[in-house]
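Descriptive analysis of the structure
Each chain, written out:
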Amino acid sequence: MMLKKWAFFIFSLVQLVWLAGCTEKSFEPIERDQNFIASLNIQEPSLDFIDGQGNVIATWLFEKAYSGAILLGNDRVLLYGHQLNEIDVYTLSTGKKLYSKKVKPGSTNAYYVENRKQFFMTNSKTNTVTSFDEEGNELATQKLGNYPMSMAAYKDKLYVINYKDTKLSVLNIENLKIEQEWPIQKSSHGIAILEEKKELWIGGHGEGSKPNNSVKKYDLITGAKNGEIKMPLMPVGLTKTKDAVLVVSHGRNELYVADLDGNVRWQQEVGANPFVVNQFKDYIVVAGYDDHTLYFIKEGQVKKTVDVGKGAFQLLVREEKM
């Protein structure tokens, strides 16, 4: 009799363990050959996947307060939150979590470098940047200035803007040793590298009663300031395309399209409180944070709009490279 009770107990325990393993939430899969632009929405955390015709093909609703996301290669998405103590990586083609990794709260940004198969994360509470391999193994970490956030990479260098500081840190991307520090305006945010011009452009909010109204241009090698481009008010979202730089100024709900010399080709009022702009197919896409809408723009005109979740904050693009 006692043996039967033990057998039943062990069987029940195995069932519980099995059920616990099956409760891990999964999401609608995204086919590997599906091009998309995805909107990460942070007021009610979700990720909307949208195809080239403007159709929402899937929506992932989250229970965690994610504040940022990046694509890791072609079939993984990494999600993080400023208040969270772990990052989560999902496989897009299965919709299932691949792994979680413990991190310290305070994550402000993540940045993936394709040719190194590594990602980098900044943290505002520890004031550090840390490098990881694609499996989430920590490789190196470096103490930086106050509130590191915006990042970009070029060849063997990683450029990090310290948002609540007056310096940009230039690091050796291999070991994260600081090689240079450039003087910049406090509350700088948004970064783009123009390899053709050997320049780095940065935007920003400005501080206090002096909001920023320009994008600054710096020599990519020396850090010398090469001038600035008037783009009022608070140009914070910068994206480099093949022959232009796209900039959104969230203080004036404005999109600017500049050539690589810094001449503004055209500008247009679009969205409500936009923080981010990207290119998808033949469209420039602007995310309105307050009106929860993506604007698809072609030839200077809004061709379509797509409703997304509340607080559209980041745009992730996956499309076949020609």
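Each residue is numbered by its place in its chain's sequence as written, counting from 1. Totals for whole chains, interfaces and linings use every residue, but because this is a predicted model, local features are given only for residues with pLDDT of at least 70 and side-chain atom pairs only at 80 or more, for both listing and counting. Side-chain metrics rest on all non-hydrogen atoms present in the structure, leaving aside hydrogens and water.

**Focus: the environment of D307**
- Helical segments are the DSSP runs of H or I of at least four residues, strand segments are the runs of E of at least two, and each set is numbered from the N terminus. Relative to the helices and strands, D307 is located in strand 29 (residues 301-307).
- C-alpha separation for the pair D307 and N55, spaced 252 residues apart in sequence, amounts to 9.8 Å.

**Considerations on the sheet that holds strand 21 (residues 225-230)**
- What makes two strands pair is DSSP finding at least two bridges between them. Taken in spatial order, the 4 strands make up an open sheet running 16-17-20-21, and their pairing is antiparallel. Here the strands that pair on one side only, and so sit at the sheet edges, are strand 16 (188-194) and strand 21. Neighbour-to-neighbour, the strand axes of the sheet open up by a mean angle of 25°, direction not taken into account.
- Here strand 16 pairs with strand 17 (residues 199-204) via 5 bridges, running antiparallel. A fitted line through C-alpha atoms serves as each axis, taken over the contacting stretch for helices, and the angle formed by two N-to-C directions is quoted from 0 to 180°.

**Points about the packing of aromatic side chains**
- Two rings belonging to Phe, Tyr or Trp (six-membered ring only in the last case) form a pair when the distance between their centres is within 6.5 Å. Interplanar angles under 30 degrees mark stacking, angles over 60 mark edge-to-face geometry, and anything in between is tilted. Using the criterion set out here, one finds 15 aromatic pairs in the structure.
- Cation placement over rings: the criterion is NZ of Lys or CZ of Arg within 6 Å of the ring centroid and within 35° of the ring normal. For the cation-ring pair, K298 lies above Y283, with the distance from its terminal atom to the ring centre recorded as 4.6 Å.
- When the ring centre of F296 is taken as origin, the NZ or CZ atom of K304, which lies over that ring, is 6.0 Å away.

**Section: the pattern of salt bridges**
- The salt bridge definition used is simple: a Lys or Arg side-chain nitrogen within 4 Å of an Asp or Glu carboxyl oxygen. Scanning all chains against the criterion turns up 16 salt bridges.
- Its salt-bridge partner being K157, residue E179 comes within 3.3 Å of it at the nearest N-O pair. With E179 in strand 15 (residues 178-183) and K157 in strand 13 (residues 157-162), this pair connects stretches of sequence that are 22 residues apart.
- Overall, the relative accessible area of 40% leaves E179 in the partly exposed class.
- With a relative accessible area of 18%, K157 lands in the buried category.
- Each of K64, E86, D88, K97 and K102 takes part in one network of salt bridges that share partners. Three exposure classes are used, based on accessible area relative to the maximum for each residue type with a 1.4 Å probe and protein chains only: buried under 20%, partly exposed in between, and exposed over 50%.

**Considerations on the pairing of strand 27 (residues 283-288)**
- Counting buried positions along strand 27 gives 6 out of 6 residues, so the element sits mostly inside the fold.
- Judged by which residues are buried, strand 27 turns out to be covered on both faces: Y283, V285 and A287 on one side and I284, V286 and G288 on the other are all buried.
- Sheet topology note: the strand 26 (residues 274-280)/strand 27 ladder contains 6 bridges and is antiparallel. Considered in strand 27, the bridge of V276 is made with A287.
- Counting the residues in the hairpin turn of strand 26 and strand 27 gives 2 residues, including K281, whose phi is positive at 60°.
- As paired elements, strand 27 and strand 28 (residues 293-298) share 5 bridges and run antiparallel to each other. Paired with V286 across the two strands is Y295, which belongs to strand 28.
- With antiparallel pairing between neighbouring strands as the criterion, strand 27 and strand 28 make up a hairpin whose turn holds 4 residues, including H292 at a positive phi of roughly 55°.

**Section: the environment of D259**
- Considering the arrangement of structural elements, one finds D259 in the loop between strand 24 (254-258) and strand 25 (264-269).
- You can call D259 buried: its relative accessible area is 17%.
- When the C-alpha atoms of D259 and Y218 are compared, they prove to be 16 Å apart, with 41 residues separating the residues in sequence.
- Note on contacts: a residue pair is in contact if any heavy atoms of the two residues lie within 4.5 Å. Dropping the residues within four chain positions of it, D259 is found in contact with W201, D243 and R265.

**What about the nonpolar core?**
- Residues L47, F49, W60, F62, V77 and L92 are the most contacted members of the largest nonpolar core, which totals 19 residues.
- The set of elements that each furnish at least two residues to this core consists of strand 1 (36-41), strand 2 (46-50), strand 3 (56-61), strand 4 (68-72) and strand 5 (76-80).
- Per-element accounting of this core gives the leading share, 3 residues, to strand 1.
- Once you skip the residues sitting within four places of it in the chain, L47 turns out to touch A38, S39, L40, N41, A58, T59, W60, F62, V77 and L316. We call a set of buried Ala, Val, Leu, Ile, Met, Phe, Trp, Tyr and Cys residues a nonpolar core when their side-chain atoms join them within 4.5 Å.

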